[in-house]
Amino acid sequence: MKRSAVPSWIPTLAVAIALYLGVLLAKQNDIISVYWYQVVQIAAITAISALGLNLIYGFNGQFSLGHVGFYAIGAYTSALITKDYTMKWSGGQTTAVSWLIAGQLGVVLLLVLANRLKLGALRKRITASLARHLAHHEARTLSAVVVLLVIAIVIVVSIAAAWALHAVLAKLMASLVVALPGDVSQPIIFVLAILNGGTLAALVSYLVGLPLLRLGSDYFGIATLGFAVMVYTALQNSDLVIETMKGARGMVAIPLWTTWPWVFGVLALLIIVMRNMLRSSHGRAIISVREDEIASQSMGVDVTQLKNLAFTVGGFYAGVAGALYAHLYGFLHPSTFNTIKGFDPLIIIVFGGLGSMTGTVMASVMFALVIEGLRVLLPQGFEDWRFVIYPIILLLIMLLRPAGLMGTSEWGWLKAPLPPERDIPVPNHSTQSQAAVTPSEEA
Amino acid sequence: MEAQSVIAPGVSTTESQPPTLDIRELTMVFGGLRAVSDFTMEVPRGGLYGLIGPNGAGKTTVFNMITGIYVPTSGEIRLEGQEISGRAPFQITRMGIARTFQNIRLFQNLTVLDNVRIAFHTHSGYGLMEAISRLGRFGRQERALTERAQDILAVFGLQDRQLEIARNLPYGEQRRLEIARALAAEPRLLLLDEPAAGMNPTESETLMGLIRFIREEFNLTILLIEHQMRVVMGICEWITVMDFGQVIARGTADEIRNNEDVIVAYLGRAAGREL
């Protein structure tokens, strides 16, 4: 491999700036219509979600069909927050967001406490000390009751903490929204909505992953598909719980806040985060799980922990993408998140190359352009033939390039950096080994 | 049998310094099959011991129990006095046991350098947030662990191959890389499962020298499974022979070479009688 004189981030940054300004200027000078401006944004949003799935499947090797579920969670969560700000559906402008933040922190507190208390070990200790005074089965039953009581206390403590936090947050945010002018508070609310969409999706994916990631790869795929179906069904009946989500009728009147600068900024940031993560010890360990789980364990890698990490971060990406999507069209319908649609990011990452961020971004753009481009190219009344033509294109490309567009290779700054040049000291053990070998040959 | 010493003569294990590896009556049952029964073995600190036996004798099963891939049906395994059986493989590795595999298990699609660097994951010295932000200890630690990986590769003559993809290496180099990777996990006990398999005499000669060298250089205790008698007899101080899941003999290379049970196990009854 050759070292080039130009650092790899320079051409990458140049292309990124060109893309950003290109779309922005084209829109401002009416070179592209509002329709194509949205197509470009959809491409970038799909790229964010697909990057998350590529981390799970392409880099970590866990075949997931539930990605669309996390996308949906992100979309609806963020919509609830922003619609609250504009329409006050919950009664106050920031009630929903403070509930969401407090609730998530409550769950995190619950998880941390449960983890710290080491309930399994606790039960064993209690059983052992009770066994001195009671019969074995009595000791076991009693210790189970004690542990259940501890769990109940932990849950009550977490709920109380979340409640208290909500009370404080709601007051604080309500007064902030009143104090700040609209053009300052609006982007703050949007950022909070995107973040909450991402973190709630991440939290759910962590909880879903805990039991499911123990399954082997194919079984994991089917189980996650089940999760996606559950989310879909829940969304269709969501109006029973929260009226404003409107269930199967579709949620309307979400503010149209998603613009190219937002989408591009989030995409760029998340690409940087993923690149930096993958090009570190943690990333290499994530990839080693895909390569060979047994060898990976034998190198001291905690495989379960890293699968959970990849699945949680992947869920976060899907949630963030969903949040941006919700504010692009202002309308959310459960059918957008059905399982057939859920295959889109999977198709994109296989097409772009499993284990290539560059490939994922390229494939997302091509996917959006082909689907929408065919809509324009095909004569009136034949638009549905898109779904015949694009699979044929897909088939041809997969036959010609089975590893996808990029395989596992990357471009520019996304590539793994070369190790710094240095003179490696070579220990001289050849003479020693020769000398050592001789006596054994005599034997 | 129990009166017979299970370790090489002249090696004393005192109370204050327990043996690096101490296996007591280890048994592994798969369904109705006793793959390993009542296997007992002690490897003192700094020892270079061999485990041999015909195909299917249960040698690799013993390795898989030591490294936590199988949970033994009964018996004890102690690393420097600490019980390890029942722990997860990654925990056992972190306690100081690393291994290679009979059929090489490299991270095929990664570079030679990354194969070794993955083994440093547990002591990378920076957190996930430092990696993502590229702040804090990341730069210094990442450079340091890269250099350590390169130094280990140099011991195995692979320093010029560091950017090659592992699966593209010739067979002998893949075997060496696997040992290099195991060393990067910073073990006190190294388990080698047929390190010389598929090597020609010259290559296995070099390998023998290398195994001796790394034992000194990295302060290791080594236990190896090997089929090539030249290698086992050449470097092992003490050899344990298994057949049908049981220990049939232990001793120095010379003792094993002349042990009738061993000859019978390898060559059959008739050959044993002739000798």
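Parameters and conventions
Residues numbered from 1 in each chain as written. Chains lettered and ligands numbered in written order. Predicted model: local features only at pLDDT ≥ 70, side-chain atom pairs only at ≥ 80, totals over all residues. Helix = DSSP H or I, 4+ residues; strand = E, 2+ residues; numbered from the N terminus. Rg over C-alpha atoms; globule rule 2.2 N^0.38 Å. Buried ≥ 20, exposed ≤ 12 C-beta atoms within 10 Å, placed from the backbone. Contact = placed C-beta atoms within 7 Å. Core = buried A, V, L, I, M, F, W, Y, C linked by C-beta atoms within 7 Å. Pairing = 2+ DSSP bridges. Axes fitted to C-alpha atoms, helices over the stretch in contact; angles between N-to-C directions. Nonpolar A, V, L, I, M, F, W, Y, C, P; charged D, E, K, R; others polar. pLDDT = per-residue confidence, 0-100. Expected span 1.5 Å × (residues − 1). Parallel < 35°, antiparallel > 145°, perpendicular 65-115°, else oblique. Left-handed = near helix turned anticlockwise from the far one by under 90°.

Colleague: Help me out: how do you make sense of the overall build of chain B in this one?
Modeller: Within chain B, the secondary structure is distributed over 11 helices and 10 strands. Rg of the C-alpha trace for chain B: 20 Å, near the compact-globule value of 19 Å for 275 residues, within the 12% margin. With the C-alpha coordinates aligned to their principal axes, the bounding extent of chain B is approximately 70 × 40 × 40 Å. Across the 275 residues in chain B, those meeting the buried criterion constitute 48%. In chain B, once contacts between residues fewer than 6 apart in sequence are set aside, the share between residues at least 24 apart is 64%.

Colleague: I keep staring at the nonpolar core and nothing clicks. Help me out?
Modeller: Buried together is how nonpolar side chains tend to be arranged in soluble globular proteins. Grouped together as the largest cluster of nonpolar side chains are 186 residues, with contacts concentrated most on Ile 48, Tyr 76 and Val 320 of chain A together with Ala 180 of chain B. Of the residues forming this core, the biggest block, 15 residues, is contributed by helix H12 (residues 303-329) of chain A. Ignoring sequence-local partners within four residues, the contact set of Ile 48 of chain A consists of Val 266, Leu 267, Leu 270, Tyr 317, Val 320 and Ala 321 of chain A.

Colleague: I tried to follow the sheet that holds strand E8 (residues 221-225) of chain B on my own but got confused; where do I start?
Modeller: Strands pair in a sheet through their backbones, by hydrogen bonds, and they do so in one of two ways: parallel or antiparallel. Residue and element names in this part refer to chain B. Spatially, the 6 strands line up as an open sheet ordered E6-E7-E8-E3-E9-E10, and their pairing is mixed. Of all strands in the sheet, those bounded by a partner on one side alone are strand E6 (97-99) and strand E10 (246-251). Mean inter-strand twist for the sheet, computed between neighbouring axes without regard to direction, equals 20 degrees. As judged from the 4 bridges shared by strand E3 (residues 48-52) and strand E9 (residues 238-243), these two strands associate in the parallel manner. Paired with Gly 50 across the bridge in E9 is Ile 239.

Colleague: How do you make sense of the interface of chain B and chain A when you look at a structure like this?
Modeller: Buried accessible area, meaning the area lost when the parts come together, often serves as the stated size of an interface. Tallying the contact residues gives 48 residues for chain B and 38 residues for chain A. Among the secondary structure elements, those contributing two or more residues to the side of chain B that touches chain A are helix H2 (89-95), helix H3 (112-118), helix H4 (128-133), helix H5 (138-155), helix H7 (201-217) and helix H8 (229-235) of chain B. In the side of chain B that touches chain A, the residues fall into 22 nonpolar, 14 polar and 12 charged.

Colleague: Explanation requested: the confidence of the model for chain B in the structure shown.
Modeller: Close inspection of predicted coordinates is inappropriate for parts of the model with low pLDDT. Summarising the model, chain B shows a mean pLDDT of 88, and 92% of its residues fall at 70 or more. By mean pLDDT, helix H11 (residues 269-274) of chain B is the weakest element of chain B at 59, and H3 of chain B is the strongest at 96.

Colleague: Mind showing me how you'd approach helix H4 (residues 95-117) of chain A here?
Modeller: An α-helical turn contains 3.6 residues, so a residue and the one three or four places further along point in the same direction. All names here are of chain A. If you check H4, its first and last C-alpha atoms are 33 Å apart, about what 23 residues at 1.5 Å a residue would give, namely 33 Å. If you check which residues of H4 are buried, you get Ala 96, Val 97, Ser 98, Trp 99, Leu 100, Ile 101, Ala 102 and Gly 106. In this structure, the buried residues of H4 make contact with helix H3 (67-87), helix H6 (136-179) and helix H7 (182-212). Lys 118, located one to two residues past H4, shows a positive phi value of around 45 degrees.

Colleague: I keep staring at the packing of H4 of chain A against H7 of chain A and nothing clicks. Help me out?
Modeller: The relative placement of two packed helices is expressed as an angle between their axes plus a distance between the axes. All names here are of chain A. One can describe the packing of H4 onto H7 by two numbers: an axis separation of 11 Å at closest approach and a directional angle of 30 degrees. Our classification of the angle between H4 and H7 gives roughly parallel. Helix-helix and strand crossings are classified by hand; for H4 and H7 the assignment is left-handed. Residues Val 97, Leu 100, Ile 101, Gln 104 and Val 107 of H4 form the contact with H7, whose own contacting residues are Leu 192, Asn 196, Thr 199, Leu 200 and Leu 203. For the contact of H4 with H7, the per-class residue count stands at 7 nonpolar, 3 polar and no charged.

Colleague: Even after reading the chapter, I still don't get the pairing of strand E1 (residues 21-30) of chain B, so can you show me in this structure?
Modeller: Successive side chains on a regular strand alternate, one facing one side of the sheet and the next facing the other. Residue and element names in this part refer to chain B. When E1 meets strand E2 (residues 33-43), the two strands line up antiparallel, connected through 7 bridges. Note that in E2 the partner of Asp 22 across the bridge is Glu 42. Taking the residues that link successive antiparallel strands as the turn, the E1-E2 hairpin has 2 residues, and the phi of Gly 31 there is positive, at about 55 degrees. As paired strands, E1 and strand E4 (residues 74-79) are joined by 5 bridges and run antiparallel to one another. Residue pairing across strands places Thr 27 opposite Ser 74, the latter belonging to E4.

Colleague: Before we go on, may I ask you to explain the sheet that holds E2 of chain B in this structure?
Modeller: In spatial order, the strands read E2-E1-E4-E5 (chain B); together these 4 strands make up an open sheet with antiparallel pairing. The sheet is open, and its two borders are formed by E2 and strand E5 (82-83) of chain B, each paired with just one other strand.

Colleague: Any chance you could explain the pairing of E9 of chain B here in plain terms?
Modeller: All names here are of chain B. Within E9, 5 of the 6 residues are buried, which leaves it mostly tucked inside the rest of the structure. The sheet contact formed by E9 and E10 spans 5 bridges and is antiparallel. Residue pairing for E10: Met 242 is matched across the bridge by Val 247. Between E9 and E10, which pair antiparallel one after the other, the connecting turn spans 2 residues, and Phe 244 there sits at a positive phi close to 45 degrees.

Colleague: Sorry, what's going on with the environment of Leu 235 of chain A here?
Modeller: Residue and element names in this part refer to chain A. Here Leu 235 lies in helix H8 (residues 217-236). Judged by the 27 C-beta atoms lying within 10 Å of it, Leu 235 falls in the buried class. The spatial distance from the C-alpha of Leu 235 to the C-alpha of Arg 116 is 34 Å, given a sequence separation of 119 residues. Aside from chain neighbours lying at most four places away, what touches Leu 235 is Ala 72, Tyr 76, Pro 334 and Phe 337.

Colleague: Would you explain the environment of Pro 187 of chain B in this entry?
Modeller: All names here are of chain B. The topology assignment puts Pro 187 in the loop between helix H6 (171-184) and strand E7 (189-193). The class for Pro 187 is buried, based on 23 C-beta atoms found within 10 Å. Residues Pro 187 and Thr 240 lie 53 residues apart in sequence; the distance between their C-alpha atoms is 22 Å. Residues within four places of Pro 187 in sequence aside, it is in contact with Gly 96, Ile 97, Ala 98, Ala 182 and Leu 220.

Colleague: Teacher, can you tell me more about the confidence of the model for chain A here?
Modeller: Chain-level pLDDT for chain A is 90 on average; 96% of the residues reach the 70-or-more range. The model gives residues 431-443 of chain A a pLDDT under 50, and that stretch makes 17 contacts with residues more than four places away or in other chains.

Colleague: What exactly am I supposed to notice about the packing of helix H9 (residues 260-278) of chain A against H12 of chain A here?
Modeller: All names here are of chain A. Direction vectors running N to C along H9 and H12 enclose 175 degrees, while the axes themselves pass 11 Å from each other. Judged by the inter-axis angle, H9 sits roughly antiparallel to H12. Along the contact surface, H9 presents Trp 262, Val 263, Val 266 and Leu 270, while H12 presents Tyr 317, Val 320 and Leu 324. Residue composition of the contact of H9 with H12, by class: 7 nonpolar, no polar and no charged.

Colleague: Hey, could you run me through the environment of Arg 386 of chain A in this one?
Modeller: Residue and element names in this part refer to chain A. Tracing the backbone shows Arg 386 in helix H15 (residues 386-400). Among the residues examined, Arg 386 registers 17 C-beta atoms within 10 Å and is labelled partly exposed. Along the backbone, Arg 386 and Arg 375 are 11 residues apart, and their C-alpha atoms lie at a distance of 6.9 Å.

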